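Remarks on the overall topology
Listed here are the chains, written in short residue letters.
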Amino acid sequence: MTDHAVTVTSVTSQYATQVAQDLELNAKEQERIGAELSALQAQLVVLQDDQSVLHRIHKTLGSRPASAPSTPEPSTSVPQQASGKNTPARPAPSKTATKTAAKTPAPSKTAAKTPSAKKTTAQAKKDKTQAAEPKAATASAQPTLITLIRTHLDQQKEPRSAAEVTSALAKAHPQRTIKSTVVRTTLENLVAKSQAHRSKQGASVLYTTGAVQATTHKAPAPALPKTEQDNNKREKAGAVSS
């Protein structure tokens, strides 16, 4: 009956350890996907803004036709007569040159404004992308719960309970949601991996790391030199003979 109870307890501990590991992996995956979603959301907003600007530019270009330049009238020259001499008349411009000048359109004001509008759109897209990158980097740079618990236990001089560890981590990291059940499961996981030690004081269960436990043990008293041992023996012998 006792062996059966021990087996059930061991299996339960193994399942609890596995569940704690799965929970930790799940939390990491959620943080990673959340960071990626934030970056994609920022890119989507930039693309939507670009689409609005391009629609306005396209509408403006379609509603303002280019104005046709005025066709210059051919100039006629009248020969002048002075002092009985004939002055040759200047030739009038040919019809081909007049038609070529009429076909050349003048640059519109809307076309001149298009490069600056594109430049403004590109700059806005760059600024929003740079603003979204620090948020993703901050989300991925947070330490895991196991790291926080081990660091906290290493800094303590005495064993701590799961409730004390939970309270200390909640105060040190208010931006994170830290539950006592998850902390207790993680501590048991560290104990199963021999990365922490568990002890009991009455009804309380306390945890500590190997470094802290090593400092709490008292060092054995140093052995006396051989000369001092001989002197002690002689003193005892003299006291007995007297």
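Predicted, not measured: the structure shown is a model, and the values here were computed from it. (Residues numbered from 1 in each chain as written. Predicted model: local features only at pLDDT ≥ 70, side-chain atom pairs only at ≥ 80, totals over all residues. Heavy atoms only, no water.)

**Some points on the side chain of T186**
Quick reminder of the rule: Runs of H or I in DSSP of at least four residues are treated as helices and runs of E of at least two as strands, each being numbered from the N terminus. Only protein chains enter the accessibility calculation, which uses a 1.4 Å probe; a residue whose area is less than 20% of its type maximum is buried, one above 50% is exposed, and one in between is partly exposed. Pairs of residues are marked as contacts when any of their non-hydrogen atoms sit within 4.5 Å.
Here T186 is to be found in helix 6 (residues 180-192). T186 sits in the buried class, given a relative accessible area of 7%. The residues touching T186, leaving out its near neighbours within four places in the chain, are L145, I146 and I149.

**Notes on the pattern of salt bridges**
Any two side chains of opposite charge can pair, so long as their charged atoms come close to each other. Stated precisely, the cut-off is as follows: Take a side-chain nitrogen of Lys or Arg and a carboxyl oxygen of Asp or Glu: if they are within 4 Å of each other, that pair is a salt bridge.
Inspection of the entire model under this criterion finds four salt bridges. E24 is paired through a salt bridge with K28; the nearest N and O atoms lie 3.7 Å apart. Residue E24 and its partner K28 are both found in helix 1 (residues 2-63); the two are separated by four residues, about one turn of the helix. Through salt bridges with shared partners, a single ionic network connects E29, R32 and E36.

**Some thoughts on the nonpolar core**
The nonpolar side chains of soluble globular proteins are, as a tendency, buried together. Counted only if it meets this: The set of buried Ala, Val, Leu, Ile, Met, Phe, Trp, Tyr and Cys residues whose side-chain atoms join them within 4.5 Å is what this entry labels a nonpolar core.
Counting 15 residues, the largest nonpolar core has I149, V165, L169, V183 and L187 as its most contacted members. Only helix 4 (145-155), helix 5 (162-172) and helix 6 provide two or more residues apiece to this core. When sequence neighbours within four positions are dropped, the list of residues in contact with L169 reads L145, L148, I149, H152 and I178.

**What to know about the layout of surface pockets**
As a reminder of what qualifies: Space inside and on the surface of the protein is sampled on a 1 Å grid over the protein atoms alone, with a cavity defined as a set of points where a 1.4 Å probe fits but cannot get out and a pocket as an open set with protein on both sides within 12 Å along at least 5 of 7 lines; lining residues have an atom within 4 Å of a point. Grid points are joined across faces, edges and corners, and a volume is the space filled by probe spheres set on the points. Basically, the charged four are Asp, Glu, Lys and Arg, the nonpolar ten are Ala, Val, Leu, Ile, Met, Phe, Trp, Tyr, Cys and Pro, and anything else, Gly included, counts as polar.
Taken as a whole, the largest pocket spans an internal volume of roughly 700 Å³. Together, 25 residues line the largest pocket, and A27, E31, L145, R176 and T177 are the ones closest to its centre. Broken down by secondary-structure element, the contributors of at least two residues to the lining of the largest pocket are helix 1, helix 3 (109-140), helix 4 and helix 6. Ranked by residue count, the leading element in the lining of the largest pocket is helix 1, at nine residues. Taken together, the residues that form the lining of the largest pocket break down as nine nonpolar, 10 polar and six charged.

**Focus: the packing of helix 4 against helix 5**
Under the convention used in this document: Fitted lines through C-alpha atoms serve as axes, helices being fitted only where they are in contact, and the angles separating the N-to-C directions of these axes extend from 0 to 180 degrees. What sets the label is the angle itself: under 35 degrees gives roughly parallel, over 145 gives roughly antiparallel, 65 to 115 gives roughly perpendicular, and the rest give oblique.
Running from N to C, helix 4 and helix 5 cross one another at 110°; their axes reach a closest spacing of 11 Å. With respect to helix 5, the axis of helix 4 lies roughly perpendicular. Within the contact between the two elements, helix 4 uses L145, L148, I149, H152 and L153 and helix 5 uses V165, A168 and L169. Its residues placed into classes, the contact of helix 4 with helix 5 shows seven nonpolar, one polar and no charged.

**Quick look at the sheet that holds strand 5 (residues 204-208)**
For clarity, the threshold we go by: Strands pair, by our definition, only if DSSP identifies at least two bridges between them.
With antiparallel pairing, three strands are arranged side by side in an open sheet as 3-5-4. Of all the strands in the sheet, the pair left with one neighbour each is strand 3 (160-161) and strand 4 (197-201). Relative to strand 5, strand 3 runs antiparallel, the two sharing two bridges. Pairing of S161 across the sheet is with L206, part of strand 5.

**Brief notes about helix 4**
The cut-off we apply is this: Along the arc lie the directions from the helix axis toward the C-beta atoms.
Those residues of helix 4 that sit buried are L145, I146, L148, I149, H152 and L153. All buried residues of helix 4 lie within an arc of 165° about the axis, which places them on one face of the element.

**Some thoughts on a nonpolar patch on the surface**
Heads up, the rule is: A patch is a set of surface residues, each over 30% in relative accessible area and not in a salt bridge, joined within 9 Å for like charges and within 5 Å for the nonpolar side chains Val, Leu, Ile, Met, Phe, Trp and Tyr. Where accessible areas are quoted, they stem from the Shrake-Rupley method and a 1.4 Å probe; at the residue level, only the protein chains shown are allowed to cover.
Together, I33, L37 and L40 make up an exposed nonpolar region whose accessible area comes to about 280 Å². Within the element layout of this structure, L37 appears in helix 1.

**Description of the confidence of the model for the protein chain**
Worth spelling out the cut-off: Each residue gets a pLDDT score, which is the predictor's confidence in that residue and runs from 0 to 100.
For the protein chain, the average pLDDT comes to 74, and 55% of its residues sit at 70 or higher. Note on residues 81-85: pLDDT under 50 across the span, and one contact to partners over four residues away in sequence or across chains. Segment residues 217-222: pLDDT under 50, and zero contacts once partners within four positions in sequence are set aside and those in other chains are kept.

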